[in-house]
Structure formats: C-alpha cells, structure tokens
Amino acid sequence: MALRIWTPIALQCSASAALIAMCVGLLTRWLKVPTAWTAALAVPYTYGKGQNVAAWTGANSQRTILLWGPLLLGALAMLASACIRAEPAPQWWRRSMLKVRRSLQYQLGPSKIWLRLTDGLSVLDLMLFCALFALNVAYFARALVLESNDLDASIAKGEVQEQSKSMLMLKEASTQFGQLMFIDLWLLFLPIPRSSFLKDLTGLDQQAMIRYHKFLGLWCFWVLALHGGMFYIYWGVSHEFWVEWKDWGTLDSINNLAGTLSFLCMCGLVLTARESFRRKSYEWFYRFHLVCFLGFMVLACMHYSGSWRYFTPGLLLWGVDLLQRASTSSANVAIHSVHLDEEKDVTTLVLQHARPGCPLGDIHLLVPAISRWAWHPFTIAASTPAQPSAPGTLTLHVKNEGTWTKRLADLLLARPDAAIRATLPQQVFPPHEPWTGDEAVAVVVGGIGVTAVMLSLRRMVERRAAGALATRRVAVLWAARHASEFLTLDAAVAAAAMSGDPWLTLELFQTQPSPVQECKLEAGLESGSRVSSLGKGLSKAGDGDDDSTEGSGALQQRTPPAPPKSGAWPLARPRAPRPLAPAHMGPLYLAALHILTFFGGFVGLMLGWSWLPEAQTALATKQVTKPFVTTISWRAGSLGITGFCVVGLGLPYILLVAPMMLWRSWASRPGRRSDTPRMQDLELTVLGPRRSLSHDMGSPHEAATPFQPCLLEGGKLVVPNGKASQLSVDILPGRPPILAALSALGAAHESVSVLVSGPDGMFRSVFQAVAELNRGRPKSGSGYFSLHKQAGVL
Ligand SMILES: Cc1cc2nc3c(=O)[nH]c(=O)nc-3n(C[C@H](O)[C@H](O)[C@H](O)COP(=O)(O)OP(=O)(O)OC[C@H]3O[C@@H](n4cnc5c(N)ncnc54)[C@H](O)[C@@H]3O)c2cc1C
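Residues numbered from 1 in each chain as written. Predicted model: local features only at pLDDT ≥ 70, side-chain atom pairs only at ≥ 80, totals over all residues. Heavy atoms only, no water.

1. Quick notes on the packing of helix α3 (residues 58–83) against helix α15 (residues 308–329)
- Where α3 contacts α15, the two axes come as close as 10 Å, and the packing angle between them is 30°. Taken together, the axis directions place α3 and α15 in an arrangement best described as roughly parallel. Here α3 and α15 pass one another in a crossing that is right-handed. Listed contacts from α15 to Asn60, Arg63, Thr64, Leu67, Trp68 and Leu71 of α3 are Trp308, Arg309, Thr312, Pro313, Leu316 and Leu317. (Axes fitted to C-alpha atoms, helices over the stretch in contact; angles between N-to-C directions. Helix = DSSP H or I, 4+ residues; strand = E, 2+ residues; numbered from the N terminus. Parallel < 35°, antiparallel > 145°, perpendicular 65-115°, else oblique. Left-handed = near helix turned anticlockwise from the far one by under 90°. Contact = heavy atoms within 4.5 Å.)

Structure (structure tokens):
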C-alpha cells in the first residue's frame, strides 16, 4: 500500500531533482568531469589510418550524456510512475502540495502592469525568470572572469598581446553571449511538444508552456542580438568589418555570414510571431515560423558546428511528440455525425474513436480538402468510451471564426463524409484538475470557450452524484453573443444546474442585444431515433422522408464510403475512414519510442559529423591543409543536424510507428473480427436560421442517457423533462457581474478556484477581479482565489 503511494511520488520527485541538479551544474559550468573520464568517452575513428582522430570527441559525449540524459531519464521515470497503479497520497501530503501550488500561483502586483505585458506575473513566473537570469549571469560571468585572469597572468609574464585587453575582453564577451545559447536554446524548445513528460511533471498546460516559449524566444533574440551586435562593433573597431562579415568559414571554423543569416531568420521568427501579425494571419505566421525556424537552426549549425548541443535536447522531446502524432495522423477518422447550425455558426462534429477510455483535452484536426498541412486545435467537449462492439465518440463544437472553420462547415454540408485526420494528446496520466482541494469553484466562460471547461464540469457533476467530490459549491457564469450557443451545454450539467440543488448554479448572459430566438427540440434528432444509413442514398432536406425535418431544418442521411477491398495491401488501399486510434500503445511503447528517438538522433548526428574526422585524418596524414578542414566545419555542422533530424525521426518511425500503423490497418480491415470497433453509420443534420440544434452527444451508447438535450424557449434555456414544469434558466442581457459573483463566493468559502475560458478581455476582467479580491483579503477576511486559464487563442 505504502509502496503504491510513495513509489510514483518518489519517481516523479527524482525525475525533477535529477533534471534540475544535473542541468544547473552543467549549464553553469560548475560540473567538473575528470578529463580521464571525458577522454574515455571519445569514440575513435576507425578509418583514421592510425592517427589519433576521434569520430566523436569525449567532450561531445559528455555534453550528450549530460544534456540529453536527464531528459531521457526524467521521461522514463515518469512513464515508470504511470505504470504503477497509484493509491491516493495521505491528506497531509495533498494539503502541503496544495499550499505549495497556491504559493507558486500567487499573482504579484502591480497586477495591471503585468497584465498589460503578459498574462500576469505569478510567484512561479518570477522564480523561473530569476533562475534563467541567474543561470545566464553565472555562465557569462564565470567565463569572463577566467578570461580576464588569464590575460592578466600572461601580461604579467610579459607576453605580447595582439590587441589591448579591453578589445580582447570585448571579443570574449561577444563570444560568451553566443555561448549563452547553451542555456537559452536548450530551454526554448522544451515547452513546444503538445505532449511531453514535462507537462505531466509540472502540471502546466499547453497555454502556459507556449507562454514560456514566447518569453524564451524573445530572450534568445536579445541575447543573440548582443552576440552579433558586439561582434560587429569589435570588427568595426579593429577595421576588419567587411572581411569578417562576408566570410563564409574560410578564416576560422566559425562561419560569420551564416551567423548573420541565421540571426535574420531569428528576426523573421520574432516579427511574424508578434500578436498583430499572428492574430490576423495565423496561417502565414505558422508557415513563416516553420521556414524561419529551419533556416535559423541549419544556419546556426553552419555558423558554429557545435550548435547541435543547443538545439538537440529540446528537439528530441518534440521528435517523440511528432512521432507519436504521426501514428494516428495519416488515417482518416470516421465521422459519427455532423450538425450544422447556421444560426449560431457552430458546427458540431462527432468523431468515432477506438479508445477504451474517454479522451480528454485538445484534439488537432487536419482536413486535406481545405489545407494539406494546417492542423487546427479544438477542445473535446464530450466523449464516450469505445466498447468492444462499437466505437466511442468525441464531440467537438467548432465555431466559424475564419477561413478554415467556415470552409469546414461548407465542406461538411456538401460532403459530410469528407476526409478528416485527427491527433490526440499522449495522456498517460489522468488529466490535471487544478480545482481539486478548493472549497468552491467559479467558472467564467465566454462563447465557445465553454468547450474547454465542459468536461471538467461534467466530471464534477458525476463525482458529486457518486458522493466523491469535496468541492461544496460551483458557480458558472457564461456569456455568449448568441443565445443559441448555450445549446452546446452538456445535458448532464444542465440537468444538475436546473435541479434546484444550490450546489451548482448556472447564470447565462447574452451580450448581443438581439432578441432570444425560440427554438424547438428536434425529436427526430435524438440519438435513439437514428436510422442506419447503410445502403441508403441521400435523402434531400425536407423531402418528407423524416417527420422531424419540417421547416427550414433538415436531417440528411448519407451513405458512408464503400469499404476497401479486403485483399489489398493495407497501405496501398485508398484510405478508408476508421475510428480514431489511441495516441499510443501504453507506457512501454512510449518508453521504447523515447529510447529509439534518442538513439536515432545520436546515430544521425555521428553519421553527419563523420565528415569532420575524415577531413582531420586527411590533415593528420598531410593530404590537405588546415584551411581545408576549417571550411569543412560548416558542412559538418549542417550535415550533423540534418542527420540528427532524419535518423532521429526515421529510425523510430521505421521500427515502431510504421509497424504499428500497418498492424492497425490490418486489424481494421473489413471482415476481420477484431477488438477495433466497427465504424458507425454517418448522419448529417442541417438546421436553418430559425431553428436550433438539439444537443447531441453523439454516442451510440447514449440512448440510455437519463439527460435530455437543452432547448431555447421564451428567453430561457430549458431542459425538457416531460412534465409541465420544465427545468429552466433565464438568459439575462448584458455582461456577467464577475467581481460581485466572485466576492460572494469568497465571502462564503475559504478557497475558490476560478476557471476562465474566453476571449482576452474576459480573462483580463477576471484576472483583475481576482487580484483585487486577493489583495483585500486581510481586511475583508474573504477566501483565497486561485486563477486558472483554461483556454485562449494561440
Ligand atoms: C487549445 C485550443 C482549443 C480550442 N478549442 C476550440 C473549440 O473547442 N471550438 C472552437 O470553435 N475553437 C477552438 N479553438 C480555436 C480554433 O482553433 C480557431 O478558432 C480556429 O483554428 C480558427 O481557424 P480559422 O482559419 O477559421 O480562423 P482564423 O481567422 O484564421 O483564425 C482565428 C484565430 O484562431 C487562431 N488560429 C487560427 N488557426 C489556428 C491554428 N492552426 N492553430 C491554433 N490557433 C489558430 C488564431 O489565434 C487566430 O487569430 C481552440 C484553440 C486552441 C488554441
């Protein structure tokens, strides 16, 4: 019992401790590895013709072990902890952890300034910033002090220097600003993967990670600007500017022009990532980000061939994430049903999946008919588990925001069986529930942002029903432009909120002044009344086939695409849609994926690098001159990083991912009895402007659900219960009174979790209300508020 409690905790603590200790030691250059050990780590070049040439130097091995090692060990430790069926930790541990978490999340003043600059400044943000600053200063200062001491010693010995001490120190400082990338680029790439063990370890979500990535990106930009700018000054003062600036790696092993070009790519990254550009033109931002990143990385490796040390650790985790996504991203996902509602501009898409559990969190969609490469994120608003006989479902509500989402709605209207690909996050651990342990929860949502909190609300309702929820009060404030957006409310949550139990309250606000539309429940659209469409043709909207399609609304049935021929080679067949496969095959598979990616990366790096030992052998045997080897450096650098990417991704793909895809393809072929659930028939519902959609959970198993979908009636959101006195909530005009609602909760409860999901303006209002209430706590004696941003635009 105690083992089950403490082993996972110990594994997770040791993963973080190892990661922090080893990296801080290495990154600050405090970690002294004996030279004999380093030398023993060198890999001799077997074609070196008896010369003492290393295929891979001991220093390189040391860097690889110390920079990659903690990441691999941390990932494996986390996966090992996931394999243990953990028991809940004792109360004292959970309380202490809660206190630590609260202290780290405490927002520092002056909140308005931090809010203007970023999403506030928590104690954790400040600690991370101080750690980054301290690491940079320690790394930089130590090198400068050593250089200064060396220069003083040689001057004292009477040795003649080529330049004055100040000029040499300027050169050293410029070099060290470049070397700071050991720390800064190493950290920059760690937050990128959508799924990584670091997320599970820290409990930070993608939004928080992207926020750190943005900050680190800016930090790297300024440090690199100092690196380049100071070198320009140094060259200018020593009258060598043009010679040095345009040199393509002939004067030294450093390729100066490649460095300038790499920095220009960095400028492109920073400029196109600016909010004004990104928000207006996300697609172009994404394209630029990929192209400029590749340019920045490859040119940086040409500039200094050892740059792989900066880039590779973070890229390895990203590689694991890409490979894990690749295993599901090539297959078309079977659609269970599509609901299009012109009035509220929301497409409700129900996809089929083959996971025994309920996938949670964000899902990424790619629709080749719209764009072959643009993946768009959405939140899973509801899910049901797959059964051996039938697939589970994932419900997504997609609001028509811009080009892609509108084209998706049009496409699905014309072709509800359109090819859609999807990827799910890795999810080895249960989802992080930031509200756990708090007495009350306030949920403030805007429009379609509700999808990000709907599953949390549903889990609270289910736990409350099972008597397993400590939270004593949940208050939901939901603002939307169109009343019909409220129809995306989960039926179970709606029923709980309208049951009269004051534990869960729901307040709805319509911010757009248009009158609330009256909408009827489409009896014919209830999940239990679906008709199999297999073998039937398309029945036209309102053609009288179905009584429920009166008015401008219509229920259309479509025939799913013909199954592929069973005899064909799985990958050669046209891609038939099938339920979305699980993101991975368990912790062991993920552990193997990590090991193979790290191993492949290492092999690729060495292969690309082997150009250099060959040139060094030629130099040692006097077949070439030193300048020849110097010009080889940039080629070795670019080949090394290319080999790293190609083999690092290729090896695990060939050995693990492709076999799994083949197996899945074979297992799901028609006629084979397998555990993979059979694809369900496809259903399309189109509702005209005066009608609204019955909220369909889309599950084949959900016919038995005791909850009815909502409808709008006379300015109310109603849950029909078959009785004359229906359960309903009034829809109020205007904006929600955030401060008043929060302060009422704080007056009655010791601790309140505030979950926000909505536009930036709403987040800022909630942030300011929370900051104000927390500041006034000593006087008012109100409860403590912790703020959790659940979703936001990228
Ligand atoms: C974690 C997360 C969960 C989301 N969940 C939902 C949801 O459940 N329902 C829903 O309707 N919307 C959701 N969104 C927003 C949705 O991804 C965007 O509305 C959609 O991608 C817009 O694409 P567009 O081309 O139609 O609009 P555009 O006009 O091109 O973009 C509108 C805004 O959406 C964002 N965006 C555009 N393309 C992308 C992309 N490829 N990746 C990330 N952001 C992009 C940008 O901030 C942009 O300013 C979510 C976003 C994120 C980040």
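2. What about the pattern of salt bridges?
- Under the criterion given, the structure shown has 18 salt bridges.
- Taking the shortest distance from any N to any O, the salt bridge between Asp119 and Lys789 comes out at 2.9 Å. Taken as a pair, Asp119 in the loop between α5 (111–117) and α6 (123–156) and Lys789 in strand β19 (residues 784–791) lie far apart in primary sequence, 670 residues in all.
- A relative accessible area of 28% means that Asp119 is categorised as partly exposed.
- Note that Asp760 and Arg279 form a salt bridge whose closest N and O atoms lie 3.3 Å from each other. You can see Asp760 sitting in helix α23 (residues 760–775) and its partner Arg279 sitting in helix α13 (residues 275–280), a full 481 residues away along the chain. (Salt bridge = Lys/Arg side-chain N within 4 Å of Asp/Glu carboxyl O. Buried < 20%, exposed > 50% of the residue type's maximum accessible area, 1.4 Å probe, protein only.)

3. Regarding the sheet that holds strand β16 (residues 716–719)
- Pairing is mixed across the open sheet formed by eight strands, whose spatial order is β15-β16-β17-β12-β11-β10-β18-β19. Looking at strand neighbours, the two that pair on one side only are β15 (711–713) and β19, the edges of this open sheet. Between one strand and the next, the sheet's axes are offset by a mean angle of 25°, whatever the strand orientation.
- The pairing of strand β12 (residues 504–510) with strand β17 (residues 727–733) spans three bridges and is classified as parallel. Bridged to Phe509 within β17 is Leu732. (Pairing = 2+ DSSP bridges.)

4. Regarding the packing of aromatic side chains
- For the structure on display, the rule yields 41 aromatic pairs.
- Connected via pairs of aromatic rings, a cluster forms that spans Phe231, Tyr232, Tyr234, Trp235, Phe241, Trp242 and Trp245.
- Seen from the ring of Phe182, Arg63 lies directly overhead, with NZ or CZ sitting 4.1 Å from the centre.
- The ring of Phe763 carries the charged tip of Lys789 above its face, separated from the ring centre by 4.6 Å. (Phe/Tyr/Trp six-rings, centres within 6.5 Å; stacked < 30°, edge-to-face > 60°. Lys NZ or Arg CZ within 6 Å of the ring centre and 35° of its normal.)

5. Notes on the side chain of Asn136
- The residue Asn136 is located in helix α6 in this model.
- A polar contact of 3.0 Å, which involves the side chain of Asn136, links it to the side chain of Asp184.
- Discounting chain neighbours no more than four positions away, the residues touching Asn136 are Leu180, Ile183, Asp184 and Trp219. (Polar contact = N/O pair within 3.5 Å; in protein donor to acceptor, adjacent residues only side chain to side chain.)

6. As for the UniProt feature "transmembrane region" (unreviewed entry) in the protein chain
- The feature "transmembrane region" (unreviewed entry), as given by UniProt, occupies residues 9–31, 65–86, 121–141, 215–234, 254–272, 284–305, 588–612 and 632–663 in the numbering adopted here.
- Taken end to end, residues 254–272 is 89% helix and 0% strand, and its two terminal C-alpha atoms sit 28 Å from one another. (UniProt positions renumbered as here; feature names shortened; annotations may be inferred.)

7. What to know about the sheet that holds strand β6 (residues 376–379)
- Across the sheet, three strands lie side by side as β6-β5-β9; this open sheet has antiparallel pairing. Edge strands, defined here as strands with exactly one partner in the open sheet, are β6 and β9 (421–423). Strand-to-strand, the axes of this sheet are offset by a mean angle of 35°, without reference to chain direction.
- In this structure, strand β5 (residues 362–366) lies alongside β6, joined through four bridges in antiparallel fashion. Note that in β6 the partner of Asp362 across the bridge is Thr379.

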